[in-house]
Each structure stands twice: as structure tokens, then as C-alpha cells.
Amino acid sequence: MKLMVVGGGGREHAIIKKLKENKTVEKIYALPGNGGMAEDAELVNIGAKDIDAIVDFAVKNQIDYAVVAPDDPLVLGAVDALEAVGIPCFGPRANAAIIEGSKVFSKNLMKKYGIPTAEYEVFDDMDAALKYLETAPIPTVIKADGLALGKGVIIAETREAARDAVRSMMQDKVFGKSGDHIVIEEFLTGPEVSVLSFTDGKVVVPMVSSMDHKRAGDNDTGLNTGGMGTVAPNPYYTEALAKECMETIFLPTVNAMNAEGRTFKGCLYFGLMITPKGPKVIEYNCRFGDPETQVVLPLLESDLLTVMQATTNGTLAETEVKFGKGNACCVIMASAGYPSAYEKGFLMTIPEAVRDTVYVAGATLDSEGLKTNGGRVLGVTAVADTLPEAIDAAYKKVETIHFENAYYRHDIGKRAMEAYGK
Ligand code: AMP
Ligand code: GLY
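A short tour of the structure in this document, coming up. (Residues numbered from 1 in each chain as written. Chains lettered and ligands numbered in written order. Predicted model: local features only at pLDDT ≥ 70, side-chain atom pairs only at ≥ 80, totals over all residues. Heavy atoms only, no water.)

### Thoughts on the site of ligand 1
How we decide: We call a residue near a molecule or strand as soon as one heavy atom of that residue lies within 4 Å of the molecule or strand. Definition of a polar contact: a pair of N or O atoms within 3.5 Å, with one able to donate and the other able to accept a hydrogen when the atoms are protein atoms, and with sequence-neighbouring residues admitted only if both atoms are side-chain atoms. Under the convention used here, a 1.4 Å probe and the Shrake-Rupley method define accessible areas, while residue burial counts only the protein chains that appear. Strands here mean DSSP runs of E at least two residues long; helices mean DSSP runs of H or I at least four residues long; both are numbered from the N terminus. Classes in brief: Ala, Val, Leu, Ile, Met, Phe, Trp, Tyr, Cys and Pro nonpolar; Asp, Glu, Lys and Arg charged; the others, Gly included, polar.
The environment of ligand 1 is made up of 15 residues, and the closest members are Glu-185, Glu-186, Leu-188, Glu-192 and Glu-283. Within the side chain of Lys-103, an N or O atom sits 3.4 Å from an oxygen atom of ligand 1. Take Glu-185: an N or O atom from its side chain is 2.7 Å from a nitrogen atom of ligand 1. Out of a free accessible area of 470 Å², ligand 1 has 90% covered by protein chains. Secondary-structure elements contributing two or more residues to the shell around ligand 1 are β7 (140–144), β8 (153–156), β9 (182–186) and β17 (278–285). Among the residues forming the shell around ligand 1, the class breakdown is eight nonpolar, no polar and seven charged.

### Let's talk about the pattern of salt bridges
To keep it simple, the criterion reads: Any carboxyl oxygen of Asp or Glu within 4 Å of a side-chain nitrogen of Lys or Arg constitutes a salt bridge here. Exposure classes here rest on a 1.4 Å probe applied to the protein chains alone. A residue is buried below 20% of its type maximum, exposed above 50%, and partly exposed in between.
For the coordinates displayed, the defined rule picks out 26 salt bridges. Residue Asp-411 is joined to Arg-409 by a salt bridge in which the shortest nitrogen-to-oxygen separation is 2.9 Å. Take Asp-411 and Arg-409: they sit in the same class, and that class is buried.

### Some words on the site of ligand 2
In the vicinity of ligand 2, the contacting residues are Asp-212, Gly-226, Tyr-269, Asn-285, Arg-287, Gly-289, Asp-290, Pro-291 and Glu-292. Between ligand 2 and the protein, one listed contact pairs a nitrogen atom with a backbone N or O atom of Gly-226 at 3.4 Å. At a separation of 2.9 Å, a nitrogen atom of ligand 2 approaches a polar backbone atom of Asp-290. Within the complex, the protein chains bury 89% of what would otherwise be the 200 Å² of accessible surface of ligand 2. Among the residues forming the shell around ligand 2, the class breakdown is two nonpolar, three polar and four charged.

### Topic: the packing of helix α5 (residues 94–101) against helix α6 (residues 103–112)
Stated precisely, the cut-off is as follows: Only C-alpha atoms enter the line fits that serve as axes; for helices the fit covers just the stretch in contact. Angles between N-to-C directions range over 0 to 180 degrees. Note that the term roughly parallel is reserved for angles under 35 degrees, roughly antiparallel for angles over 145, roughly perpendicular for angles of 65 to 115, and oblique for everything else. Residue contacts are counted whenever heavy atoms from the two residues lie within 4.5 Å of one another.
Running from amino to carboxyl end, α5 crosses α6 at an angle of 90°, the nearest separation of the two axes being 6 Å. Between α5 and α6, the angle is such that the two are roughly perpendicular. For the pair formed by α5 and α6, the contact residues are Ile-98, Ile-99 and Gly-101 on the first element and Lys-103, Phe-105, Ser-106 and Leu-109 on the second. The class makeup of the residues in the contact of α5 with α6 is four nonpolar, two polar and one charged.

### So, the sheet that holds strand β16 (residues 266–275)
So the rule is basically this: Pairs of strands are assigned from DSSP output, requiring at least two bridges between the strands.
Across the sheet, which stays open at both edges, the four strands sit in the order β11-β10-β16-β17 with antiparallel pairing between neighbours. Where the open sheet ends on each side, the last strands, each with one partner, are β11 (204–206) and β17. Strand-to-strand, the axes of this sheet are offset by a mean angle of 35°, without reference to chain direction. As paired strands, β16 and β17 are joined by seven bridges and run antiparallel to one another. Paired with Met-273 across the bridge in β17 is Lys-280. Along the sheet, helix α9 (residues 239–259) contacts β10 (192–199), β11, β16 and β17; its crossing angle with β16, the most-contacted strand, is approximately 130°.

### A few points about a nonpolar patch on the surface
Operational definition: The patches reported here contain residues having more than 30% relative accessible area and no salt bridge. Joining distances are 9 Å for like charges and 5 Å for nonpolar side chains (Val, Leu, Ile, Met, Phe, Trp, Tyr).
Judged by side-chain polarity, Val-153, Ile-155 and Phe-187 come together as a nonpolar surface patch covering roughly 230 Å² of accessible area. Of note, Ile-155 is situated in strand β8. The class for Ile-155 is partly exposed, based on a relative accessible area of 46%.

Okay, here's the thing in C-alpha cells:
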């Protein structure tokens with residue numbers, strides 16, 4: 001089989017490495033991929049948002065199955081366009097990807113179908129939003145409606161900060177059209193859990209749970225990032241919670257999407273907060289998380305391609321999806337300065353012995369070798385029987401990888417260990 005993976009980060013590298021385990025896979029193209037994946041896939045210089053060029057490439061190269069990994073092409077209709085030319089695809093169509101593409105849509109969906117989430121109001125007029133803030137409980141959470149590179153959520157600790165957030169989104173348009181509509185919602189507290197799931201629109205099969213570390217600095221200080229590390233499973237996610245989430249959140253969401261005529265197939269990501277009043281949805285993503293994928297897929301024992309095809313064909317109920325009992329830890333190595341300004345173009349050394357579990361997010365390959373080319377440069381994953389062993393092994397591998405200006409957090413997994421009471 002000839003496969004194509006759209007996207008170019010660490011998540012895509014983890015997907016590609018897992019897909020390669022299937023013996024029927026002869027070739028995987030990455031569009032655009034990055035230099036750090038060149039050993040695992042053939043890089044094709046087509047951007048993930050260039051839908052016409054993606055379809056053209058897929059047809060000319062007789063792709064048997066495509067995986068569209070990032071949010072942008074999914075929301076733009078890459079799956080619809082590929083299906084229209086007869087290429088089966090992993091991922092939701094645009095009318096279902098809207099569950100991530102519009103926070104107004106997802107909040108209204110949850111309200112309509114009684115799915116637990118933070119209380120909220122939607123505004124398309126700045127003055128009305130500012131008036132609402134005069135009496136809104138503080139802290140409050142301001143969210144731009146559309147995709148905003150993961151930065152469209154502001155937690156305002158004061159009324160003034162809340163007003164500034166509204167003005168920056170609705171007046172200064174810092175997120176462009178994404179700020180035309182905003183959601184102002186209740187501030188929730190509790191541990192966060194990421195649950196990625198496979199769904200074919202009929203059944204939902206949750207993957208092993210995980211915990212992201214979003215802030216740039218140790219002990220959850222500094223700016224929000226795309227994610228500085230992950231562990232799986234997430235100790236806060238007990239079996240009782242998993243059962244409750246299936247009944248009150250996962251199945252109701254898939255059923256709600258069907259009822260709206262927006263059947264979701266692919267990976268549906270539930271960003272949950274375990275509040276004192278029970279689990280609530282903080283966000284939906286229409287795709288695998290990054291860097292959650294880098295800990296979840298290494299624990300998957302079943303064949304990824306078979307499971308993905310089952311979501312497309314509607315045969316997930318009959319397909320085995322099995323996860324190992326181990327623990328995984330992924331530490332992101334970034335360029336110093338990320339998520340603000342950083343330098344790039346530094347030569348990298350990744351010893352052969354650890355390459356198996358290194359997922360490269362931002363690198364270029366030229367005649368001199370592999371060079372850094374992004375804020376998040378790579379993720380290093382280790383799997384072990386216990387969490388402390390996985391953490392220890394991941395950091396040992398990190399120490400063997402070198403590039404100038406490398407930065408990483410030293411406390412990935414610490415909160416999870418505390419949850420275990422250690
Ligand atoms: P999102 O992009 O929606 O995942 O939001 C980014 C982060 O903001 C989440 O991972 C939470 O840590 C935080 N967050 C979002 N919504 C809320 C909320 N209603 N209450 C408290 N924290 C929130
Ligand atoms: N790591 C969070 C996300 O992928 O949205």
C-alpha cells in the first residue's frame with residue numbers, strides 16, 4: 001500500500017513510525033513532513049493547507065490511503081476533497097471538523113445535547129461583551145471562535161485583563177476573523193485529562209488517557225505552548241471516570257454529531273477537566289493531539305493502519321484496539337525562547353540508538369546534516385513498566401541528543417507522580 005500523511009510535526013512523525021509497522025505498507029509520503037522524518041517517509045514539498053496540490057499529488061501517485069493529521073486542512077475540507085476523487089482518508093469531513101474549528105459551534109452543541117461543559121455566553125458585538133464583563137465572575141475565560149494556533153484562549157484573572165482580551169480579539173483582531181465571535185466562559189478548576197478516541201460515527205473507542213504540560217517553564221510557569229511534554233496513562237483518569245465519561249460525554253458527543261447530520265469519523269480528542277462537580281469538556285479537537293500522540297501511539301499494540309481503516313469503513317466495533325499496560329513519557333526539546341522568538345539553523349545530533357523513539361517536529365536536512373527549524377524541535381519518548389522508569393528513561397535519552405540552544409522542561413511527569421502519591 002502507498003500511504004500519504006498530511007502534516008509536518010512530531011505528531012505526524014509518530015503516526016508515520018506506527019504506520020510503518022504494517023508489513024503491507026510499501027511507501028509513505030509526508031506532505032510536507034520535515035527533514036527529521038526523511039528516514040521514515042518520502043518528503044513532498046506541498047503545504048498542509050494546499051488542498052488542491054494535495055489532491056493532485058494523491059491522484060498522480062495512486063495513494064491507497066491518506067491520513068490528514070492537522071486541524072487546518074481538516075477544517076478546510078481536505079478529507080472531503082480526497083474522498084471526492086475516490087481516495088479513502090482518516091479524519092473527519094469539514095462539516096464535522098467544525099467541532100474544533102468553531103468554539104461557538106461546539107459550545108452550542110454541548111448545551112443543546114446536555115454534555116457537561118463550562119457555562120458560557122457568545123458575543124459578536126464588543127460593547128455587549130464589555131458590558132457582560134462588568135458583572136461576570138472573575139477569573140473568567142475568553143475564547144476566540146475560530147482556530148488560533150492554540151493561542152485563542154485567555155484566562156483573565158482581573159476584570160481589566162478580561163476587557164483587554166476582548167478588545168484585542170474583537171477590535172485589534174489579533175487572531176484575525178477568529179475573533180469576530182467570542183465565547184466568554186466560566187473558569188473551571190481541577191486536573192486536566194486528554195482522551196483521544198477512535199470513532200467511526202457509531203462506536204467510540206478511547207485510547208489510553210494522557211496528560212499534557214502546556215506551560216513553557218518548570219512547575220507550570222511561563223507562557224502557554226503547544227505542549228512541552230506528555231505522560232500516559234493519566235493517573236487522574238480512573239476506571240470509574242472513564243465509564244462516566246463514556247456515558248455522559250463520549251457517546252453523547254458522537255450521537256449529537258450524527259443528529260446534526262455531521263457524522264464524525266477519525267480521531268476525536270476530548271480535552272477534559274475533572275472538576276469538583278464531575279468531568280467537563282474544556283475543548284474538542286478533531287485530530288490527534290501533539291504531543292499526546294507521541295505517548296499514546298507507542299502504547300498501541302494493535303495495527304494502526306487497520307484501526308484507521310476501520311474508522312473510515314464503519315467497522316470499528318469489530319476491530320481490536322489494544323493498548324499495552326506500560327507507561328510512556330515524552331519530553332519535548334525546544335529552541336530556547338519558544339514560544340516567543342528563538343534562533344534556528346543549529347546542527348543536531350541524534351544517536352542511532354535512540355532514533356526509534358525520537359519524533360522530530362521542526363528540522364531541515366541539508367548537505368551538512370539535520371538542523372533545527374522550529375520552536376518545538378523534537379520529542380523523546382520512553383516506554384516502561386512504571387511511570388518513574390519511563391520518566392527516567394526519557395530524560396536519559398534527552399541527554400544523548402545535542403543542538404545549540406536546546407531547552408526542555410525538567411519536570412515532565414512530576415504532577416502525575418504526585419497524583420500517584422509519590
Ligand atoms: P483550549 O485551547 O480550549 O484547550 O484551552 C487552553 C487551556 O486553557 C486549557 O488546556 C485549560 O488549561 C485552559 N482553559 C480553557 N478553558 C478553561 C476554563 N473554562 N476554565 C479553566 N481553564 C480553562
Ligand atoms: N497538545 C494539545 C493539542 O494538541 O491540542
